[in-house]
2 protein chains.
Amino acid sequence: MSTPTKILLEESDIPTHWYNIVADMPNPPTPPLGPDGQPVSPEALSAIFPNAILEQEMSGERWIAIPDEVREAYRIWRPSPLHRAHRLERMLGTPAKIYYKNEAISPAGSHKPNTAVPQAFYNRQAGIMRLSTETGAGQWGSSLAFAGQMFGIAVRVYMVKVSYQQKPSRRSTMQTWGAEVFASPSEMTKAGRDMLAVDPNNLGSLGLAISEAVEEAAGRADTNYALGSVLNHVLLHQTVIGLEAKKQFAKIGAYPDMIFAPCGGGSNFGGIGFPFLADKAAGDAKAKNLRVVAVEPISCPTLTRGVYAYDYGDASGYTPIMKMYTLGHDFMPPGIHAGGLRYHGASPLVSQLFHEKLIEAVAVPQLATFEAGLMFARAEGIIPAPESCHGIRACIDEALRCKQSGEPKTLLFNLSGHGHFDMAAYDRYFAGGLEDFAYPSEAVTASLKHLPKVG
Amino acid sequence: MSTPTKILLEESDIPTHWYNIVADMPNPPTPPLGPDGQPVSPEALSAIFPNAILEQEMSGERWIAIPDEVREAYRIWRPSPLHRAHRLERMLGTPAKIYYKNEAISPAGSHKPNTAVPQAFYNRQAGIMRLSTETGAGQWGSSLAFAGQMFGIAVRVYMVKVSYQQKPSRRSTMQTWGAEVFASPSEMTKAGRDMLAVDPNNLGSLGLAISEAVEEAAGRADTNYALGSVLNHVLLHQTVIGLEAKKQFAKIGAYPDMIFAPCGGGSNFGGIGFPFLADKAAGDAKAKNLRVVAVEPISCPTLTRGVYAYDYGDASGYTPIMKMYTLGHDFMPPGIHAGGLRYHGASPLVSQLFHEKLIEAVAVPQLATFEAGLMFARAEGIIPAPESCHGIRACIDEALRCKQSGEPKTLLFNLSGHGHFDMAAYDRYFAGGLEDFAYPSEAVTASLKHLPKVG
């Protein structure tokens, strides 16, 4: 019983500050641009975001204090455990030491509450009593419902209709936490009504759901909008993951050689990766050879196959344009089960770090991710979300390379969420009904023709 | 941040011994009887249980060592946190201090792995490579599947057909951990075939599923049987819950005045309650006024309305008879969603303690339990299983009495599991489709006429 299986921290170890990687980037981040081609002013966004959030979005400060009320709410589930995957190592027969940060233990079952809680707090502080948002598979919507409940804020969620129909349990969790949930396209907004007029049977898309949520927030003075990934402040809030993990590694006198995390919008990847990149930026010897790897689906390979260009954040072109790796804002990814990774772009911060070769990226096929998730579940007992299976796959692949080379590398991945609401996907995998999607080359080529013109 | 929200222990605090309440009972436990009316010998049970389990079943030793391999597996999720329910207290406006032990964080999502793991271990140690069992809603089946996977044991689960059809996600978790799952009644056993011959559309019952699992274990030399509640060794294993909770209370210098736990077979109730009753038995002053309360459904009120008599453990009368509070072994409880509490009897140990007035019991109606579960989810962020909602209801009722009386009592309940696989029940509650069942007086009267004759 000498080496612990879980490295735990006390609640007093919950970070007091978030880490802002902007302070350590070799070049300043590229600003989002408005329809006039000029950087978007905070004022233009204040109709849907509170000032505290906008300040964080634009901030260059390295450390940003976490309000006491947010740390208090974090205590419901944080600090999250860092696990040593002894059993997975034995199953693989690898000399690698595998660790994972377990974000699946949050009330909503993923890392998303790390940012939902501060977003709800800052909105409440600004006197906002209603939030609107969109959700695909439901991870983000349920997290914001939970956070809204913590601070007495009403939450309305536009849920992509196909998920609304296929994932009733996720919908129920949002209702349990008091949120209103509407299938998108809905009759509640012009964007929804316009779509339904053209196509009454439309099953929705994340882009359209964003349009509905933004329209509602922009049109109502009492309502703001909240986003679950992509933006700087979202990644900032998620750095509690990596900051805790660093304390946990320090506690056992270890440090990772490589870090893996699934990457859709980029928030769980940034959350675990950025605080370690801070060590590298500071010239810390132990981080000298650290490699941080974003893992994405082959069917939606934003970093590995996309272009680095200005593009819209949503499918309809309602948002400012941001410089990022993109497959084109109207690219519709194949129907893989990792709904959280079906996004055409990547966070501007993650994109710039990738462009400057400070991080790496790999793409993996769907079946191999479920195979890895099953190995993990059987070895470690925790059933991972399909998104999380991507990070596990890449980590297992590296552990198997270590087996070949004999290198006892220290590997870390972020277990971003559990798969309790995704068992239908595992069912299809068991039944042989899951397919691998090739890189959708023609669709990407087509959508890249619609990139917005800049300057 | 002075009072922690979660009281945590290190892995080195995982108990080294289970606590056996038999050593502290005023009277020795009544033995199970065989068809001849004589106490059942260990030999008679050795066809389906390993000797180590049978020794524990019969043991009068106060402390029984936990094998290193079991403690090693416990480390995947234990020690579980003890939470202070600050937010629930504020929501209720009560001066009571409410604590809950969080068993929902186990891989299978409930307290059941606490006994599944040692049962799998002892069977493997005895050279048994296959286990058969039954499951209703799936909590026990998934826990044994997980534990079997830990020790390389094949697990076959007979799942009540109506649950097999209604809860595909629970079935999938078992398959994820490598178990075979069959809808019961099945074609695999004589018991199943006999039922299907009479009624091809039969939806199954826990009693019939037990019969199938026992028949398979009795008929195959390589296969044993495992039970998830009721028996002495099962309650023994669950005492890790209360033993940890005592250490956690000691850490903050507190002690409960009252303890609440749902009670079906009795294993989570015994698990949290027995170690505290040990203090009372030892004359410990702080436990002098401790009250330990079993909470059951009004529709299946074994302790509060049943008779204390010898009865079968299963519906078909295959098992030895045990002295326990029972509603009659062929009593079919109404279809409440807390499937784990739909059992006609109660553990013989719990029954004897209740008969000797060392513990208390209350019965609560279904709708009130979901109301309590929803309050808890909104205050504390964790969605509880329908079974767990029973303990929460009784605890909230006491906290509200404290609000009236102004007493700052310290209350503890066992959060036995999460409700992630029970969201359809919450959906029905939201939609107004859940009903309250009255005490099924006539059905109980009828089934009590079938109690076995003794002596």
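The structure we're discussing is the one just above.
Enquirer: So what exactly am I meant to see when it comes to the overall build of chain A here?
Expert: When its secondary structure is counted, chain A shows 19 helices and 15 strands. Against the compact-globule benchmark of 23 Å for 455 residues, chain A has a radius of gyration of 21 Å, which places it among compact chains. Dimensions of chain A along its principal axes, counting C-alpha atoms only, are 60 × 50 × 45 Å. Taking the average location of the 40 positive side-chain charges in chain A and that of its 44 negative ones, the two points are 6 Å from each other.

Enquirer: How do you make sense of the interface of chain A and chain B when you look at a structure like this?
Expert: Put simply, an interface is often sized by how much accessible area is lost when its parts join up. Each side of the interface is counted separately: chain A has 47 residues, and chain B has 47 residues. Each partner contributes to the roughly 4,200 Å² buried at the junction of chain A and chain B, and carbon and sulfur atoms together form 52% of this total. At the junction of chain A and chain B, the tally comes to 6 salt bridges. A salt bridge links R171 of chain B to D427 of chain A, with the nearest nitrogen and oxygen atoms 3.9 Å apart. Counting the contacts that link chain A with chain B gives 19 residue pairs in polar contact (both at pLDDT 80 or more). Among the elements of the structure, helix 3 (68-74), helix 6 (139-151), helix 8 (168-176), helix 16 (366-380) and helix 18 (423-430) of chain A are those that each provide at least two residues to the side of chain A that touches chain B. A per-element tally of the side of chain A that touches chain B places helix 8 of chain A first, with 7 residues. Across the side of chain A that touches chain B, the residue classes break down as 21 nonpolar, 13 polar and 13 charged.

Enquirer: Even after reading the chapter, I still don't get the environment of A287 of chain A, so can you show me in this structure?
Expert: All names here are of chain A. Relative to the helices and strands, A287 is located in the loop between helix 13 (267-281) and strand 11 (291-297). When the C-alpha atoms of A287 and M258 are compared, they prove to be 9.8 Å apart, with 29 residues separating the residues in sequence. Aside from chain neighbours lying at most four places away, what touches A287 is Y255, F276, D279 and K280.

Enquirer: How should I be thinking about the side chain of H237 of chain B in this particular structure?
Expert: All names here are of chain B. Relative to the assigned elements, H237 resides in helix 11 (residues 232-238). A distance of 2.8 Å separates polar atoms of two side chains, one belonging to H237 and the other to Q56. Sequence-distant contacts of H237, defined by excluding residues within four places in its chain, comprise W18, I53, Q56, Y74, N114, T115, P118, Q119 and Y122.

Enquirer: Help me understand the relation of the copies chain A and chain B, please; the structure alone is not making it clear to me.
Expert: The operation linking the two copies of the chain is a rotation about an axis combined with a translation along the axis. The two copies are related by a screw operation: chain A maps onto chain B through 180 degrees of rotation and 0.0 Å of translation along the axis, at an RMSD of 0.0 Å. Within this description, the copies of the chain are treated as partners about a two-fold rotation axis. Same-surface contact between copies: 100% of interface residues of chain A are shared with the interface of chain B.

Enquirer: Explanation requested: the pattern of salt bridges in the structure shown.
Expert: Side-chain pairs of opposite charge can arise whenever the charged atoms involved come near each other. What the rule picks out here adds up to 46 salt bridges over all chains. For the salt bridge of E216 of chain B with R130 of chain B, the shortest nitrogen-to-oxygen distance reads 3.0 Å. With E216 of chain B in helix 10 (residues 206-219) and R130 of chain B in strand 6 (residues 130-135), the pair connects residues that are 86 residues apart, well separated along the chain. With relative accessibility at 8%, the residue E216 of chain B sits in the buried group. Residues R156 of chain B and E216 of chain B are paired through a salt bridge, measuring 3.3 Å at the closest nitrogen-oxygen approach. Note that R156 of chain B is positioned in strand 7 (residues 154-160) and E216 of chain B in helix 10, a separation of 60 residues in sequence. Taken together, the salt bridges that share partners define one network made up of K6 of chain A together with E11, E72 and R75 of chain B.

Criteria and cut-off values
Residues numbered from 1 in each chain as written. Chains lettered and ligands numbered in written order. Predicted model: local features only at pLDDT ≥ 70, side-chain atom pairs only at ≥ 80, totals over all residues. Heavy atoms only, no water. Helix = DSSP H or I, 4+ residues; strand = E, 2+ residues; numbered from the N terminus. Rg over C-alpha atoms; globule rule 2.2 N^0.38 Å. Lys, Arg positive; Asp, Glu negative; His and termini not counted. Charge placed at Lys NZ, Arg CZ, Asp CG, Glu CD. Contact = heavy atoms within 4.5 Å. Buried area = accessible area lost by both parts, 1.4 Å probe. Salt bridge = Lys/Arg side-chain N within 4 Å of Asp/Glu carboxyl O. Polar contact = N/O pair within 3.5 Å; in protein donor to acceptor, adjacent residues only side chain to side chain. Nonpolar A, V, L, I, M, F, W, Y, C, P; charged D, E, K, R; others polar. Least-squares fit on C-alpha atoms with pLDDT ≥ 70 in both. Buried < 20%, exposed > 50% of the residue type's maximum accessible area, 1.4 Å probe, protein only.

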